Amino acid sequence: DWDQVHVQYSPLIETVKNDQEYFEMIAHMLGELEDAHCDVVEPALDKKLYASIINRGDLAIIDLVGYSGEMAGLRSGMLLLEVNKKRVEEIVPTIDVFTNNASTPWMRKIRAYEDLLAIPEDPDAVLSVKVMDQNGIESDIEIKLLTPPADWQPQLSNQTESAVEWRKISDQ
């Protein structure tokens, strides 16, 4: 009932103190409606990821890889199988639906997949993942937060149009 949700949330929206609270409140409101045609997309400017994930069915496919992920061995196109010794399909349902700001179960699942390779709050923490490459070979990878050296920069990969690789800037 759109009108009831408006009555319930209208006074609450006026109490938010910042953009984060605003997006969370709007996400909660849209979640009440369970309307697949409505969603709010929060700018993820402060979200830090080792790599982004594309969700295809129940597959978690590594897409854009950051510096720390690439130096650890992650590559675009790999399948993510486990994070910290837990299978992806076990983790996704446990990600708090309210923290990933989505209005429908389908969008909550997509947002949960996006958070699989988030950088831990503790900058010294190591993220352990199991991946499978395009040849079916499984690998265990440990990712630590690294700062890219000043002479390295991200570039679009030649392998896929959306993948990013880190390359050392030529000394010439």
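Quick look at the structure, then.

Criteria and thresholds
- Residues numbered from 1 in each chain as written.
- Predicted model: local features only at pLDDT ≥ 70, side-chain atom pairs only at ≥ 80, totals over all residues.
- Heavy atoms only, no water.
- Helix = DSSP H or I, 4+ residues; strand = E, 2+ residues; numbered from the N terminus.
- Contact = heavy atoms within 4.5 Å.
- Areas by Shrake-Rupley, 256 points an atom, 1.4 Å probe, with all protein chains shown as cover.
- Core = buried A, V, L, I, M, F, W, Y, C linked by side-chain atoms within 4.5 Å.
- Buried < 20%, exposed > 50% of the residue type's maximum accessible area, 1.4 Å probe, protein only.
- Salt bridge = Lys/Arg side-chain N within 4 Å of Asp/Glu carboxyl O.
- Pairing = 2+ DSSP bridges.
- Polar contact = N/O pair within 3.5 Å; in protein donor to acceptor, adjacent residues only side chain to side chain.

## Observations concerning the overall build of the protein
In step 1: For the protein, the count of helices and strands is five helices and eight strands.
In step 2: The secondary structure elements of the protein, listed N-terminal to C-terminal, are α-α-β-β-α-β-β-α-α-β-β-β-β.
In step 3: Long-range pairs, those at least 24 residues apart, make up 51% of the contacts in the protein with a sequence separation of at least 6.
In step 4: Within the structure as shown, the protein displays about 10900 Å² of accessible surface, and the carbon and sulfur contribution to it stands at 52%.

## Some words on the nonpolar core
In step 1: Within the largest apolar cluster, 23 residues are counted, with the highest numbers of intra-cluster contacts made by I62, L74, L80, L116, L117 and V129.
In step 2: Contributions of two or more residues to this core are made by β1 (51-56), β2 (59-65), β3 (79-83), α4 (88-91), α5 (105-114), β5 (127-132) and β6 (138-143).
In step 3: Excluding residues that lie within four positions of it along the chain, I62 makes contacts with A51, S52, I53, L74, R75, S76, G77, M78, L80, L117 and V131.

## Observations concerning the pattern of salt bridges
In step 1: Evaluated as defined, the whole model comprises three salt bridges.
In step 2: For R87, the salt bridge goes to E82, with nearest N and O atoms at 3.8 Å.
In step 3: A relative accessible area of 33% places R87 in the partly exposed class.
In step 4: A relative accessible area of 16% places E82 in the buried class.
In step 5: In this structure, the salt-bridge partner of E138 is K130, at a minimum N-O distance of 3.9 Å.
In step 6: Sharing partners across several salt bridges, the network here consists of E82, R87 and E89.

## Observations regarding the environment of A118
In step 1: Relative to the assigned elements, A118 resides in the loop between α5 and β5.
In step 2: On the basis of relative accessibility, which here comes to 27%, the residue A118 falls in the partly exposed class.
In step 3: A C-alpha to C-alpha distance of 4.2 Å links A118 and L49, two positions 69 residues apart in sequence.
In step 4: Not counting the four nearest positions on each side in its chain, A118 is found in contact with K48, L49, Y50 and L127.

## Things to note about the pairing of β2
In step 1: In terms of strand pairing, β1 meets β2 through five bridges, oriented antiparallel. In the sheet register, I54 faces β2, and the bridge partner there is I61.
In step 2: Linking β1 to β2, which pair antiparallel, is a turn of two residues; within it G57 sits at a positive phi near 65°.

## Focus on the side chain of S68
In step 1: Inspection of the secondary structure puts S68 in helix α3 (residues 67-72).
In step 2: Using a relative accessible area of 7% as the deciding quantity, one classes S68 as buried.
In step 3: Among the polar contacts made by the side chain of S68, one reaches the main-chain carbonyl oxygen of K144 at a distance of 3.5 Å.
In step 4: Apart from residues lying up to four places away in sequence, S68 is in contact with Y50, I143, K144, L145 and L146.

## Here's the deal with unusual backbone geometry
In step 1: Its identity as a non-glycine residue notwithstanding, N84 has a phi of 50°, on the positive side.
In step 2: Within the secondary structure layout, N84 lies in the loop between β3 and β4 (86-87).
In step 3: Accessibility expressed as a relative area gives 39% for N84, which makes it partly exposed.
In step 4: Of note in this structure, K85 is not a glycine but carries a positive phi near 70°.
In step 5: Its location among the elements puts K85 in the loop between β3 and β4.

## Quick word on the pairing of β3
In step 1: Along β3, four of the five residues are buried, which leaves the element largely enclosed by surrounding structure.
In step 2: Note: β3 against β4, two bridges, orientation antiparallel. Note on β4: the bridge partner recorded for E82 is R87.
In step 3: Between β3 and β4, which pair antiparallel in sequence order, lie two residues; one of them, N84, sits at a positive phi of approximately 50°.

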